[in-house]
Amino acid sequence: MDFSTSSFWYSLIPAIILLVIGNTCLKNAHLARRIFHKGLILLLSLSLLGLASPVTLFIFLTVTLTAWVSCKYGISLNKAARHVLLCILIPLLLVPLFYYKYADFVCNDIASRNWDCLRELIIPIGISFYTFQVIGFCIDTLRNNEQLPSFIDYMNFGSFFPQIVAGPIERRSDLLPQIQNLDLNLQASNLKEGIPYIILGLFFKLSLANNLADAFLSNYSGQNALVVWLNNLIFTFRIYFDFAGYGLTAYGLARCVGITLRMNFLSPYTAGNISDFWRRWHTSLTLWFRDYIYFPLGGSRTRRWALNLVLIFLISGIWHGAGWNFIIWGTLSGIAMVIHRCWSKAGYRLPG
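Residues numbered from 1 in each chain as written. Predicted model: local features only at pLDDT ≥ 70, side-chain atom pairs only at ≥ 80, totals over all residues. Heavy atoms only, no water.

Scanning the protein for helices and strands turns up 14 helices and 0 strands. Of the regular secondary structure in the protein, the N- to C-terminal order runs α-α-α-α-α-α-α-α-α-α-α-α-α-α. Taken over the C-alpha trace, the protein has a radius of gyration of 22 Å; the compact-globule value for 352 residues is 20 Å, and the two agree within 12%. Dimensions of the protein along its principal axes, counting C-alpha atoms only, are 65 × 50 × 50 Å. When each of the 352 residues of the protein is scored for burial, the buried share is 43%. For the protein, the share of sequence-separated contacts (at least 6 apart) that also reach a separation of at least 24 residues comes to 68%. Here the protein displays about 18400 Å² of accessible surface, and carbon together with sulfur accounts for 65% of that area. Seen as two clouds, the 27 positive and the 16 negative side-chain charges of the protein have centres 10 Å apart. (Helix = DSSP H or I, 4+ residues; strand = E, 2+ residues; numbered from the N terminus. Rg over C-alpha atoms; globule rule 2.2 N^0.38 Å. Buried < 20%, exposed > 50% of the residue type's maximum accessible area, 1.4 Å probe, protein only. Contact = heavy atoms within 4.5 Å. Areas by Shrake-Rupley, 256 points an atom, 1.4 Å probe, with all protein chains shown as cover. Lys, Arg positive; Asp, Glu negative; His and termini not counted. Charge placed at Lys NZ, Arg CZ, Asp CG, Glu CD.)

Have a look at this one:
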């Protein structure tokens, strides 16, 4: 499931061959062709997860099937009962993510248990992204009393192969209707739009991010301030070209099959302030935290808006990684956002 490896692209060849054969055989059977397209996309997505590792596929199926069964049961309940179900379901869906990503940090670094078995855990690819996407689906379905889609449409929504590894974290209202109307004809207009994004994304990842990673000065003697600053500058651009490269490739792949994903990075380093930066960096994650945590806490309408803001960025820091550095980084980002908002409310502006 790594876009930068040749094995991923080789894995697409059998799917393309099957698509051409299926479209030829089902040329005039529109309903059967649509079912075939949905089944093919699901088979491809699950196969890629399985090729990554059987554990990856098992964890994905555990999370998505638990959510599906819960939503199928929950839509028949009244509003209060659905709220209780969500309070139980959301922590349950977070259990695999917590175990693989945070158990080592919590047990060994915080609780000082020294359990070596937790240090050897390999985080299943995409678990942070599809867990949040499925949780968002459950909240939208049960809280808004939305109709449950067909099982195959739901599974394609949760496993859509271009975006499951590194996002964007799509919403039910944005991606699901496109999945339900999926029609894989590999139209020239879609390919013409999607392929340039794939090329640009792979250039970002393979030519820029990977070379910047090689340029990172990890072996140097002494406390050289210039090297420290240079490494920070290298990492600044490396992390952008890495994440944005994956995002652009995912966007291009989706466009090739007629699906439009959210553009996850909107030139964040051209932002004029930190608030603008977070509207441009990993936009789908920022909006997820805003809509599913910040607004339910009261957002900026309460007296504790500053605490809410710091809490959201603290959670965002923890989402990005398990470690004190991520906790500190998230907290500092939240404090910076509070300072900027107070600064702006006071009427001050920095030069563009």
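That shown, we press on.
A few words now on the pattern of salt bridges. Applying the stated criterion to the full structure yields 6 salt bridges. Here Lys-205 ties to Asp-242 by a salt bridge, and the two come within 2.9 Å at their closest N and O atoms. With Lys-205 in helix α9 (residues 188–215) and Asp-242 in helix α10 (residues 225–256), this residue pair connects regions lying 37 residues apart in the sequence. The class of Lys-205 is buried, set by a relative accessible area of 12%. (Salt bridge = Lys/Arg side-chain N within 4 Å of Asp/Glu carboxyl O.)

Tracing the sequence through the fold places His-37 in helix α2 (residues 30–52). Classification of His-37 by relative accessible area gives buried; the value is 0%. A distance of 3.0 Å separates the side chain of His-37 from the backbone nitrogen of Leu-184, its partner in a polar contact. In this view, His-37 contacts Leu-19, Asn-23, Leu-182, Asp-183, Leu-184 and Asn-185; residues no more than four positions away in its chain are not counted. (Polar contact = N/O pair within 3.5 Å; in protein donor to acceptor, adjacent residues only side chain to side chain.)

Attention now goes to the packing of helix α7 (residues 151–159) against helix α8 (residues 172–180). Each packed pair of helices is defined by two parameters, the angle between the axes and the distance between the axes. Direction vectors running N to C along α7 and α8 enclose 125°, while the axes themselves pass 9 Å from each other. The orientation of α7 relative to α8 falls into the category oblique. When the axes of α7 and α8 are compared, the crossing they make is right-handed. On α8, the residues that touch Asp-153, Asn-156 and Phe-157 of α7 are Arg-172, Leu-175, Leu-176, Ile-179 and Gln-180. Across the contact of α7 with α8, the residue classes tally to 4 nonpolar, 2 polar and 2 charged. (Axes fitted to C-alpha atoms, helices over the stretch in contact; angles between N-to-C directions. Parallel < 35°, antiparallel > 145°, perpendicular 65-115°, else oblique. Left-handed = near helix turned anticlockwise from the far one by under 90°. Nonpolar A, V, L, I, M, F, W, Y, C, P; charged D, E, K, R; others polar.)

A surface patch of nonpolar side chains, amounting to about 610 Å² of accessible area, comprises Ile-110, Trp-324, Ile-328, Leu-332, Ile-335 and Ile-339. When residues in the nonpolar patch are grouped by element, the largest group, 5 residues, is from helix α14 (residues 324–345). (Patch = residues over 30% accessible without salt bridge, like charges linked within 9 Å, V, L, I, M, F, W, Y side chains within 5 Å.)

Every α-helical turn comprises 3.6 residues, leaving residues that sit three or four positions apart pointing alike. With 28 residues, α9 should reach 40 Å at 1.5 Å per residue; the first-to-last C-alpha distance of 39 Å fits that figure. Ala-209 marks where α9 bends most, by close to 25°. Every buried residue belonging to α9 is among Asn-190, Gly-194, Ile-198, Gly-201, Leu-202, Phe-204, Lys-205 and Ala-209, and all of these are buried. In the core, the buried residues of α9 are packed alongside α1 (6–25) and α10. (Expected span 1.5 Å × (residues − 1). Bend = angle between axes of the 7 residues up to and from the residue.)

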